[in-house]
Amino acid sequence: MPARRKARKRALDVLYEADLRSRPPVEVLAGYLQRIEKPHPDHLDYAVSLVEGVAAHLDRIDELIASYAEGWTLERMPVIDRNLARIAVQELLYHDDIDDAVAISEAVELARQMSTDDSPRFLNGILGRIADYAAR
C-alpha cells in the first residue's frame, strides 16, 4: 500500500473513532500517537497533518459536504463515508501538493475497500462537485 494511502487510512481510523465517541479529533489523535509503536512510520506525519487539518477546518469542511451531498445530511451518511469525505475535502482545499483527482480517487478506493457498495459512487459525486467549486 502506498505511503499516502496508509496515512489516509490512519487518519480515517482516528477520525472514525473521534466521530463515534463524540470526541475532538486532536484528542483522539494524541491517544492514538501514544499507542503506536516507535519509531513511528514515515507516513505518520501526513496522517497527523490530515487529522489536524480536518479538526482545524471541520465546520467549513462539513458545510461543504452537507451542501453538495444532495438529499443527504451528514448525520445520515455512513461514518466511514463522512470521514473519508472530510479527509478528501481537506486535501482538495488545503493541500496544494495533492492533485484533486488523486484526493478523490483515494477516497473512492478506500470507500470501495471499507464501506458500502454505493459509497464509492456517492463519494465520487460529492467530491467531484466540491473539486469543481474549489477550482473556481
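Residues numbered from 1 in each chain as written. Predicted model: local features only at pLDDT ≥ 70, side-chain atom pairs only at ≥ 80, totals over all residues. Heavy atoms only, no water.

### Digging into the pattern of salt bridges
Pairs may arise between side chains of opposite charge once their charged atoms sit close together.
Here comes step 1: Scanning the entire structure with this criterion turns up 15 salt bridges.
Here comes step 2: Measuring nitrogen to oxygen at the nearest pair gives 3.0 Å for the salt bridge that ties Glu-91 to Arg-8. Of this pair, Glu-91 sits in helix α5 (residues 79–94) while Arg-8 sits in helix α1 (residues 3–21), and the two are 83 residues apart along the sequence.
Here comes step 3: A salt bridge links Asp-118 to Arg-121; its shortest N-O distance comes to 3.3 Å.
Here comes step 4: The partly exposed category is assigned to Asp-118, whose relative accessible area is 49%. (Salt bridge = Lys/Arg side-chain N within 4 Å of Asp/Glu carboxyl O. Helix = DSSP H or I, 4+ residues; strand = E, 2+ residues; numbered from the N terminus. Buried < 20%, exposed > 50% of the residue type's maximum accessible area, 1.4 Å probe, protein only.)

### A word on the packing of α1 against helix α6 (residues 100–114)
Here comes step 1: Where α1 contacts α6, the two axes come as close as 11 Å, and the packing angle between them is 60°. For the element pair α1 and α6, the recorded crossing hand is right-handed. Residues Arg-5, Arg-8, Lys-9 and Leu-12 of α1 form the contact with α6, whose own contacting residues are Val-102, Glu-106, Glu-109, Leu-110, Gln-113 and Met-114.
Here comes step 2: In terms of residue class, the contact of α1 with α6 is built from 4 nonpolar, 1 polar and 5 charged. (Axes fitted to C-alpha atoms, helices over the stretch in contact; angles between N-to-C directions. Left-handed = near helix turned anticlockwise from the far one by under 90°. Contact = heavy atoms within 4.5 Å. Nonpolar A, V, L, I, M, F, W, Y, C, P; charged D, E, K, R; others polar.)

### Thoughts on unusual backbone geometry
Note: most peptide bonds trans; most residues except glycine with negative phi.
Here comes step 1: Here Ser-22, not a glycine, exhibits a phi torsion of approximately 55°, which is positive.
Here comes step 2: Mapping Ser-22 onto the fold places it in the loop between α1 and α2 (25–35).
Here comes step 3: Using a relative accessible area of 63% as the deciding quantity, one classes Ser-22 as exposed.

### Some words on the environment of Asn-83
Here comes step 1: Take Asn-83: it is sitting in helix α5.
Here comes step 2: Along the chain, Asn-83 and Leu-15 lie 68 residues apart, while their C-alpha atoms are 6.3 Å from each other.
Here comes step 3: Other than its neighbours up to four places away in sequence, Asn-83 contacts Leu-12, Leu-15, Tyr-16 and Asp-19.
Here comes step 4: Only 2.9 Å separates the side chain of Asn-83 from the side chain of Asp-19, close enough to count as a polar contact. (Polar contact = N/O pair within 3.5 Å; in protein donor to acceptor, adjacent residues only side chain to side chain.)

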